[in-house]
Amino acid sequence: MAISKAKKLSIIKEISGDEKNTGLVEAQIGILTTDIANITEHIKINKKDYSSARGLYQKVSKRKSLLNYLKKNDIERYRAIVKKLELRS
């Protein structure tokens, strides 16, 4: 259910340009978005897996707080990451 290390590095490289720049807010949001998509698919199949559902809620909350931080501090980076990850319609 967790994403592989290679997949995580490719997400970081795609978003930030350097695979060592893991602390970048956009990279963290990208990793959380991938995790959220994977866990959502798992929850669709296993509806009574409440511990995974709790983990999903925690990841969504973490992503939301990172997005709020980015929106408050740098609106252009916020708009770019939202557009790149297609988070808002």
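The structure this text deals with has already been given above.
Calculation notes
- Residues numbered from 1 in each chain as written.
- Predicted model: local features only at pLDDT ≥ 70, side-chain atom pairs only at ≥ 80, totals over all residues.
- Heavy atoms only, no water.
- Helix = DSSP H or I, 4+ residues; strand = E, 2+ residues; numbered from the N terminus.
- Axes fitted to C-alpha atoms, helices over the stretch in contact; angles between N-to-C directions.
- Parallel < 35°, antiparallel > 145°, perpendicular 65-115°, else oblique.
- Left-handed = near helix turned anticlockwise from the far one by under 90°.
- Contact = heavy atoms within 4.5 Å.
- Nonpolar A, V, L, I, M, F, W, Y, C, P; charged D, E, K, R; others polar.
- Salt bridge = Lys/Arg side-chain N within 4 Å of Asp/Glu carboxyl O.
- Buried < 20%, exposed > 50% of the residue type's maximum accessible area, 1.4 Å probe, protein only.
- Core = buried A, V, L, I, M, F, W, Y, C linked by side-chain atoms within 4.5 Å.
- Arc of directions from axis to C-beta.

We now examine unusual backbone geometry. A positive phi angle, close to 55 degrees, is found at Glu-86, a residue other than glycine. If you trace the backbone, Glu-86 turns up in the segment after helix H4 (75-85).

Helix-helix packing is characterised by the crossing angle of the two axes and by the distance between the axes. With their axes 11 Å apart at the nearest point, helix H2 (residues 25-45) and H4 run at an angle of 25 degrees to one another. On the basis of their axis angle, the class for H2 and H4 is roughly parallel. Crossing handedness for the pair H2 and H4: right-handed. Taken together, the residues of H4 that come into contact with H2 (itself represented by Val-25, Glu-26, Ile-29, Gly-30 and Thr-33) are Arg-77, Ile-81 and Leu-85. Taken together, the residues of the contact of H2 with H4 break down into four nonpolar, two polar and two charged.

Side chains that carry opposite charge are capable of pairing whenever their charged atoms lie near each other. Counted under the stated rule, the structure contains five salt bridges. Between Lys-59 and Asp-35 there is a salt bridge whose closest N-O contact spans 3.3 Å. Here Lys-59 is found in helix H3 (residues 50-73), whereas its partner Asp-35 is found in helix H2, with 24 residues between them in sequence. Residue Asp-35 is classed as buried on the basis of its relative accessible area, which comes to 11%.

Right, let's get into the packing of H2 against H3. One can describe the packing of H2 onto H3 by two numbers: an axis separation of 9 Å at closest approach and a directional angle of 155 degrees. Classified by the angle their axes make, H2 and H3 are roughly antiparallel. Remark: the crossing between H2 and H3 carries left-handed chirality. Between H2 and H3, the contacting residues are Val-25, Glu-26, Gln-28, Ile-29, Leu-32, Thr-33, Asp-35, Ile-36, Ile-39, Thr-40, His-42 and Ile-43 on the first element and Ser-52, Ala-53, Leu-56, Lys-59, Val-60, Lys-62, Arg-63, Leu-66, Leu-67, Tyr-69 and Leu-70 on the second. Taken together, the residues of the contact of H2 with H3 break down into 13 nonpolar, five polar and five charged.

This next bit is on the nonpolar core. Ranked by internal contacts, the top residues of the largest apolar core, which has 15 residues, are Ile-29, Leu-67, Leu-70 and Ile-81. Taken together, the elements giving at least two residues each to this core come down to helix H1 (5-16), H2, H3 and H4. Considering each element in turn, this core owes the most residues, five residues, to H2. Leaving out residues up to four positions away in the same chain, Ile-81 has contacts with Ile-15, Glu-26, Ile-29, Leu-67 and Leu-70.

On to H4, then. Turning to H4, its buried residues are Tyr-78, Ile-81 and Val-82. One side of H4 carries all its buried residues, which in axial view fall inside an arc of 100 degrees. Set apart from the buried face of H4 by more than 90 degrees, the exposed residues are Glu-76, Arg-79 and Lys-83.

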